[in-house]
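A structural walkthrough
Residue-level listing of the chains:
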Amino acid sequence: MDIVNEILRIKKEKKAIILAHNYQRPEVQDIADYVGDSIELSRKAMEEKDAEIIVFAAVDFMAESAAILNPDKKVLLPSLGARCPMAQMLTVEEIKRWRTLYPLVPLVLYVNTLAAAKAYCDICCTSANAVEVIESIEAETVLFGPDRNLAEYVQEKTGKTIIPIPERGFCPTHLLFHPEDVHVLRAQHPDALLMVHPECTAEMRRIADFVGSTSQMCKYASSSPAKSFIVATEEGLLHRLKKDNPDKHFYIAYEGAVCPNMKLNTLERIYISLKEEKHAVKVPDPIASKARKALERMFEIKNPVGT
Ligand code: 5XR
Ligand code: SF4
């Protein structure tokens, strides 16, 4: 059996679309209808009016967001174990504790959170629009979770007081990048520009030529006159960067920068997911309707990069 042809055949037969996050394996990105960050993908799904099934090759919270924003479609997560460890770091109990400590302070949550957490926040943000979202809020002090590095980055950019909740939420993959490795690469490729994801440490952001989300990195690399780039985010993005810019060179800032959860989605799992229609992601009301409001508020914010 040719698994790629089989996937494409069942996909057509079932009116399904396959969405792949920028961190997916190359062969998964290659069979997807769209490749992007989670919010770009959820919006694509909303535009695909005829699709009945969405196979979301990513991690749990991303499929949840797609299900919340596309209540009429069946959203499938190919690997049940694909859970974002950072999203798990912020529980509803923790949110309630901070809300009690700061009852008048608005809560902004990164989309890398579970739907149950989103239901308690005032507005969501992605790494592409976090600065604009915080600026849109009148308050000078904001509770923000779960990524502490993104919180610090936003504080630097906006000058507001950002209280990180939990105190030390992090992405294990983005913490793998260190300036020492970049110095070695910069010596080998002196003309290369360094692109850093805001989930990386402040030391990494400080030496960056550009700080941004995966969608922003794609736009920056395509529009920049530079020919080579050192990339500090999950290594899956390099496949897309190379494909979109065949005349440019991309080097990962650390070879081991892999998100094991993202990589659980193999072609075999996507095939089974499509064939057996599993694992369906359902977010119960009223959690879904509350979380949807927080996501919709984010969509209303002016955002120069369109995510
Ligand atoms: O770390 C991630 O999960 C990836 C990412 C991104 O830059 O694509 O940070 N995702 C967020 O921006 C959430 C929205 O897509
Ligand atoms: Fe979560 Fe980090 Fe993996 Fe993104 S790269 S899904 S934030 S663990």
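The rules behind the values
- Residues numbered from 1 in each chain as written.
- Chains lettered and ligands numbered in written order.
- Predicted model: local features only at pLDDT ≥ 70, side-chain atom pairs only at ≥ 80, totals over all residues.
- Heavy atoms only, no water.
- Domains from an automatic or database assignment.
- Contact = heavy atoms within 4.5 Å.
- Buried area = accessible area lost by both parts, 1.4 Å probe.
- Salt bridge = Lys/Arg side-chain N within 4 Å of Asp/Glu carboxyl O.
- Core = buried A, V, L, I, M, F, W, Y, C linked by side-chain atoms within 4.5 Å.
- Buried < 20%, exposed > 50% of the residue type's maximum accessible area, 1.4 Å probe, protein only.
- Helix = DSSP H or I, 4+ residues; strand = E, 2+ residues; numbered from the N terminus.
- Arc of directions from axis to C-beta.
- Pairing = 2+ DSSP bridges.
- Axes fitted to C-alpha atoms, helices over the stretch in contact; angles between N-to-C directions.

Domain boundaries in the protein chain define domain 1 (3-83 + 262-282), domain 2 (86-172 + 290-299) and domain 3 (174-252). Each partner contributes to the interface: domain 2 provides 14 residues, whereas domain 3 provides 14 residues. For the pair domain 2 and domain 3, the summed buried surface comes to about 1,000 Å²; carbon and sulfur atoms form 48% of the total. Sorting the residues of domain 2 by area buried against domain 3 places Asn149, Tyr153 and Cys171 first, and these three jointly supply 44% of that buried surface. The interface formed by domain 2 and domain 3 includes one salt bridge. Measuring nitrogen to oxygen at the nearest pair gives 3.0 Å for the salt bridge that ties Glu156 to Arg205.

Glancing now at the nonpolar core. Judged by nonpolar contacts, the single largest core of 67 residues is most densely connected at Phe56, Val108, Phe144, Ile165, Leu295 and Met298. Top element by residues in this core is helix H4 (residues 60-69). It accounts for seven residues. Look past the residues within four positions of Phe144 in its chain and what remains in contact with it is Leu107, Val108, Cys125, Ile134, Leu150, Ala151, Ile162, Ile163, Pro164 and Ile165. Of all hydrophobic cores here, the second largest spans 25 residues; its members include Met195, Met217, Ala232 and Ile252.

Attention now moves to helix H13 (residues 237-244). All of the buried residues in H13 are Leu237, Leu238, Arg240 and Leu241. Mapping the buried residues of H13 onto a view down its axis gives an arc of 160°, with all of them on the same face.

This part covers the pattern of salt bridges. If you walk through the whole model with that rule in mind, you get 17 salt bridges. We note a salt bridge from Asp209 to Arg186, for which the minimum N-O separation is 3.2 Å. Of this pair, Asp209 sits in the loop between helix H11 (202-206) and strand S10 (210-211) while Arg186 sits in helix H10 (residues 179-188), and the two are 23 residues apart along the sequence. For Asp209, a relative accessible area of 41% puts it in the partly exposed group. The partly exposed category is assigned to Arg186, whose relative accessible area is 24%. Counted as one network, the salt bridges with shared partners bring together Glu6, Arg9 and Glu13.

Okay, the sheet that holds strand S7 (residues 141-145) next. Judged by pairing direction, the sheet is parallel, and its four strands sit side by side in the order S6-S5-S7-S8 without closing on themselves. If you trace the sheet from one side to the other, it starts and ends with strand S6 (123-125) and strand S8 (161-164), each paired once. Recorded for the sheet is a direction-independent mean angle of 35° between the axes of neighbouring strands. Bridge analysis of strand S5 (residues 107-110) against S6 gives three bridges, and the strand direction is parallel. By the bridge assignment for S6, Leu109 is matched with Cys124.

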